[in-house]
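Secondary and tertiary structure notes
Listed below, chain by chain, are the residues.
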Amino acid sequence: MFEEEIHQTIISGNLFSSGETVAIGASGGKDSTVLAYIMKLLNEKYDYGLNLVLLSVDEGITGYRDDSLETVKRNKEQYSLPLKIVSYQELYNWSMDSIVRQIGMKNNCTFCGVFRRQALDRGANLIKADKICTGHNADDIAETVIMNILRGDIARLRRCTAITTCSDDDGIPRCKPLKYTYEKEIVMYAYFKNLDYFSTECIYSPNAYRGYARAYIKDLEQVRPSSILDIIHSGEVMCIKEETKMPVQTHCERCGYISSNKLCKACILLEGLNKGLPKLGIGKTPKTYRTEGASNSQNLVHVQTVLVRARQKLAPEMVL
Amino acid sequence: MCTSLEDGGLSYLKINNESYKATICMKCKVKSPQVVIRVNDAFCRECFLMYCTHKFRSAFGKSKIIRDGEKVLVAFSGGQASTAMLHLVKEGKSVRAQKKLRFVPGLIYVDEGAVLGHSNEDRQRIIDRISELFMDSGYEHHIIKLEQVFSEEFSDATLLSPNNAEVKTSQERLQQLFDSVQTITAKEQFLRTLRQQLISQVAKSQGYSKVIIGDTSSRLSVALLSSMAQGKGAHIAYDTSLIDDRYDQLLLIRPMREFTSKEVTMYNRFYGLNPLVVPTFTTKATSGASIDKLTETFVSGLQAEFPSTVSTIMRTGDKLSNGKVSMPDADGNTTSPCMLCLAPLDISVAESSALGSVRYTNQLAASRKSDSPTSSADNISASLERSCDLNSYDSSCCYSCQRLLEDMPQPKFLPGAVFSREQSRLAMKSYIEENLLS
């Protein structure tokens, strides 16, 4: 039944078409392990005609990612799927360990999150994938809906419930086949199928604010088990006022990746790291930096002043 | 945007009280402050009260929704917010006011004691107090029992002296109906729906075109999240914006929506007003009793740590619209609103959706059940009967009200008004079909 439901989600959502190469975002955790297992099973059973590849991102976190990658490598053998690993070290020349050494335990999830999103896309590009699918489950989506309301992030609120997000024509669409699957079901399925997965919290992740939303979702589920799907329904049917200003998605001038500003977040963060200004890009970016842009490489003096200004403005109480 | 919220640097957002001690009112810069609103804004008594009055009046002023001489019904529950709202209306009508409010207020109180399990003496005590208050105001006023949601019409006579025998039977009927509702979440939602329907019926029959209700921002931000969690995403704007226009020829207005519950409480305190405390379903319950209660605990907990929580939720809500949820159906008729909450239906969604996946799961479960020989035949027929019963509402209720009905095993006890509306809709539909065919 679990399998049929996911098959139904894939069919009704038109997630894939025959002959495509699909990258499965694999972290070694329960969601992505179940996703890899079930994608392989359904692909064979219903003859989707997909070329499945496991895609992992190595953030370079000792004691966490190296262990979970071992799980992914075992999965590769178990499911006989090809595996591609991209690492922060080779993409950005920084591993999470070295980032944390520089900026400390605070705010490091920002780096990790921003870099991971891009790393997945780059990895998918390398293996010429047509689609990426990730193991986000219903609980994750509901949590994100609540988070985005609490943060007032209307653009993401609109996007986050879509089953396939496609930034534009040249971006690689991402989809979430487990979108309507409760976390509970996934855990039970992994347990009954005796799947080999890795479960440890990231050693750097306090993840405080999301923790509140998570606890709220779990409490809601206790009060009324349908709540999680009810929230997703709410997210799907809600309408946003037409006059609301939305960030326009463009491309980063430096790396070409999609971005809401002239420079994408990854490039700003990276610049901060390389120049020894790790606070750059965390919290509110000063307007000057966002509009005029440090991409103006001929005007180095200007960049310098902006950076200094940025540092002054980002006194500790300004961060966030 | 604020991606960095995801990590441990939260301490910067939190209140830092140690360094702050105001010695002077930030508005008049003369008197000593008596109340701190928002994070660090200290006001003296006079400036604070002026600020409240201004906020209340600007809610009307900005939108110009109420015309001179119009009859406006003030929904009064006796609680903090509506006590402050009534006082603000009275002040606005008094000779002292600089610019008088030009509408004609009337007051309404809905007695829900029957379903909240209050004793008859308690109910009478509260009603006596309310009627005393209403008499003092000198405005037209109505004290209605929730039982009257069963009556078909609201003439002056039935409003003033409802038939006692009738009230008694409908009280039993109402209690039976609420006892059959299995969860407190559903009870709260159902009570809200009935109350609003009753108020709107009375308002219409008494010639009011506007109703003002005292929802504060604290209350509305909870309502927003709670609505989301109950699948009402399409109706957030109805439930939380300044104007709710789902009712025919009647506007529900929320002039208190820029007030926090703290401001309202301080307002009442400064004027020496004593709000009534009417116990509800969850007054003494734990936080997990219902979705509303849980959400309230969640939001107030966050608000204590991050003082911008409520306002951020409200601003998010401001960006949502009612949208065009009610699409024309296959025949080209525009679909009618949900028969319970009267908001447009939100159930004509693509197959790939949360609702679609629920339907599919139910379908699978049903086919599994009929396959398995272990379940007794009685069980199946009972569940089938029930699902048929519910299916008849599936096309006429919104997603959230379908959830509500799932918690209510005997929908046949619903007030006649709900059904008569449904029947008249069906009659209208068949009439149209016949005419189109002929």
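Residues numbered from 1 in each chain as written. Chains lettered and ligands numbered in written order. Predicted model: local features only at pLDDT ≥ 70, side-chain atom pairs only at ≥ 80, totals over all residues. Heavy atoms only, no water.

Let's shift gears to the state of the cysteines. Two cysteines, two sulfur atoms, one covalent bond between them: this is a disulfide. All names here are of chain B. This structure, assessed with the given rule, holds zero disulfides over all chains. The structure places no disulfide on Cys401, whose sulfur is separated from the nearest cysteine sulfur, that of Cys398, by 3.7 Å. Residue classification places Cys401 among the buried positions, given a relative accessible area of 0%. (Disulfide = S-S within 2.5 Å. Buried < 20%, exposed > 50% of the residue type's maximum accessible area, 1.4 Å probe, protein only.)

A few words now on a nonpolar patch on the surface. All names here are of chain A. On the surface, a nonpolar cluster with roughly 400 Å² of combined accessible area is contributed by Met188, Tyr191 and Phe192. Topologically, Phe192 is positioned in helix H9 (residues 183-192). For Phe192, a relative accessible area of 62% translates into the label exposed. (Patch = residues over 30% accessible without salt bridge, like charges linked within 9 Å, V, L, I, M, F, W, Y side chains within 5 Å. Areas by Shrake-Rupley, 256 points an atom, 1.4 Å probe, with all protein chains shown as cover. Salt bridge = Lys/Arg side-chain N within 4 Å of Asp/Glu carboxyl O. Helix = DSSP H or I, 4+ residues; strand = E, 2+ residues; numbered from the N terminus.)

A separate point is the packing of helix H6 (residues 108-126) of chain A against helix H12 (residues 265-274) of chain A. Residues and elements named next belong to chain A. In contact at an axis separation of 9 Å, H6 and H12 are set at 130° when each is read in the N-to-C sense. Taken together, H6 and H12 sit at an angle that is classed as oblique. As H6 runs across H12, the sense of the crossing is left-handed. Judged by residue contacts, Thr110, Phe111, Val114, Phe115 and Gln118 of H6 engage Lys265, Ala266, Leu269, Leu270 and Leu273 from H12. (Axes fitted to C-alpha atoms, helices over the stretch in contact; angles between N-to-C directions. Parallel < 35°, antiparallel > 145°, perpendicular 65-115°, else oblique. Left-handed = near helix turned anticlockwise from the far one by under 90°. Contact = heavy atoms within 4.5 Å.)

Here we come to the confidence of the model for chain B. Residue and element names in this part refer to chain B. When pLDDT is averaged along chain B, the result is 76, and 73% of the positions lie at 70 or above. Contacts of residues 325-333 to residues separated by more than four positions or lying in other chains number 18 contacts, the stretch itself having pLDDT below 50. For residues 372-390, every residue scores under 50 in pLDDT, and the model assigns this stretch 10 contacts once sequence neighbours within four places are set aside. (pLDDT = per-residue confidence, 0-100.)

All names here are of chain B. For helix H7 (residues 184-205), with 22 residues, the first-to-last C-alpha span of 31 Å sits near the 32 Å given by 1.5 Å per residue. Counting buried positions along H7 gives 16 out of 22 residues, so the element sits mostly inside the fold. Note on H7: the residue one or two positions beyond its end, Gly207, has a positive phi of about 80°. (Expected span 1.5 Å × (residues − 1).)

Moving on: helix H4 (residues 120-137) of chain B. Residues and elements named next belong to chain B. Look at H4: 26 Å from first C-alpha to last across 18 residues, which is about the 26 Å you get at 1.5 Å a residue. By the burial criterion, the buried members of H4 are Arg123, Ile126, Ile127, Ile130, Phe134 and Ser137. Across the axial projection of H4, the buried residues extend over an arc of 100°, all falling on one side. In H4, the exposed residues that point more than 90 degrees away from the buried face are Glu121, Arg125, Glu132, Met135 and Asp136. Just downstream of H4, Gly138 is the residue with a positive phi angle, here 80°. (Arc of directions from axis to C-beta.)

Residue and element names in this part refer to chain A. In this structure the tally under the stated criterion is 40 salt bridges over all chains. Note that Arg74 is salt-bridged to Asp196, the shortest N-O span being 2.6 Å. Of this pair, Arg74 sits in helix H3 (residues 65-78) while Asp196 sits in the loop between H9 and helix H10 (208-223); the two residues are 122 residues apart in sequence, bridging distant segments of the chain. For Arg74, a relative accessible area of 41% corresponds to the partly exposed category. Lys218 is paired through a salt bridge with Asp139; the nearest N and O atoms lie 2.7 Å apart. Highlighted residues: Lys218 in helix H10 and Asp139 in helix H7 (residues 138-151), separated in sequence by 79 residues. We classify Asp139 as buried; its relative accessible area is 1%.

This next bit is on the side chain of A:Arg65. Residues and elements named next belong to chain A. Here Arg65 lies in helix H3. Side-chain polar atoms of Arg65 contact the side chain of Ser68, separated by 2.8 Å. Setting aside its immediate chain neighbours within four residues, Arg65 contacts Ser27, Val57, Asp58 and Glu59. (Polar contact = N/O pair within 3.5 Å; in protein donor to acceptor, adjacent residues only side chain to side chain.)

Let us now look at the nonpolar core. Residues A:Phe16, A:Met39, A:Ile146, B:Phe190, B:Val211 and B:Leu225 are the most contacted members of the largest nonpolar core, which totals 121 residues. In this structure, B:Cys25, B:Tyr51, B:Leu88 and B:Leu276 belong to the second largest nonpolar core, which totals 40 residues. (Core = buried A, V, L, I, M, F, W, Y, C linked by side-chain atoms within 4.5 Å.)

A word on the sheet that holds strand S4 (residues 104-111) of chain B. All names here are of chain B. Taken in spatial order, the six strands of this open sheet run S5-S4-S3-S6-S8-S7, and their pairing is mixed. In this open sheet, the two strands that pair with only one neighbour each are strand S5 (140-145) and strand S7 (243-244). Taken together, the five bridges between strand S3 (residues 71-75) and S4 define a ladder with parallel strand orientation. Within the sheet, the bridge partner assigned to Val74 lies in S4 and is Leu107. Along the sheet, H4 makes contact with S4 and S5, crossing S5 at roughly 165°. (Pairing = 2+ DSSP bridges.)

All names here are of chain A. Across the interface, helix H1 (residues 2-12) lies against helix H2 (residues 30-45) with an axial gap of 11 Å and an inter-helix angle of 75°. Between H1 and H2, the angle falls in the class roughly perpendicular. In this structure, H1 uses Phe2, Glu3, Ile6, His7 and Ile10 to contact H2, whose residues at the interface are Val34, Ile38, Met39, Leu41, Leu42 and Lys45. Per-class residue counts for the contact of H1 with H2 are eight nonpolar, one polar and two charged. (Nonpolar A, V, L, I, M, F, W, Y, C, P; charged D, E, K, R; others polar.)

Here we come to the pairing of S4(B). All names here are of chain B. Of all eight residues in S4, seven are buried; the element is thus mostly enclosed. Where the polypeptide runs from S3 across helix H2 (residues 80-93) and back to S4, its parallel neighbour, the crossover connection is right-handed. Two strands pair when backbone bridges link them, and S4 and S5 are joined in this way by six bridges, in the parallel orientation. Opposite Tyr109, over in S5, you have Ile143 as the bridge partner. (Right-handed = clockwise from strand over helix to strand, strands pointing away.)

As a further point, take the sheet that holds strand S3 (residues 83-87) of chain A. All names here are of chain A. One open sheet accounts for six strands, arranged S3-S2-S1-S4-S6-S5; its pairing is mixed. The sheet terminates laterally at S3 and strand S5 (164-165), the two strands that pair on one side only. Bridging between strand S1 (residues 21-25) and strand S4 (residues 131-133) involves three bridges; their strand directions are parallel. For Ile24, the partnering residue across the bridge sits in S4 and is Cys133. H3 rests against strand S2 (51-58) and S3 of the sheet, and its axis sits at about 165° to S2.

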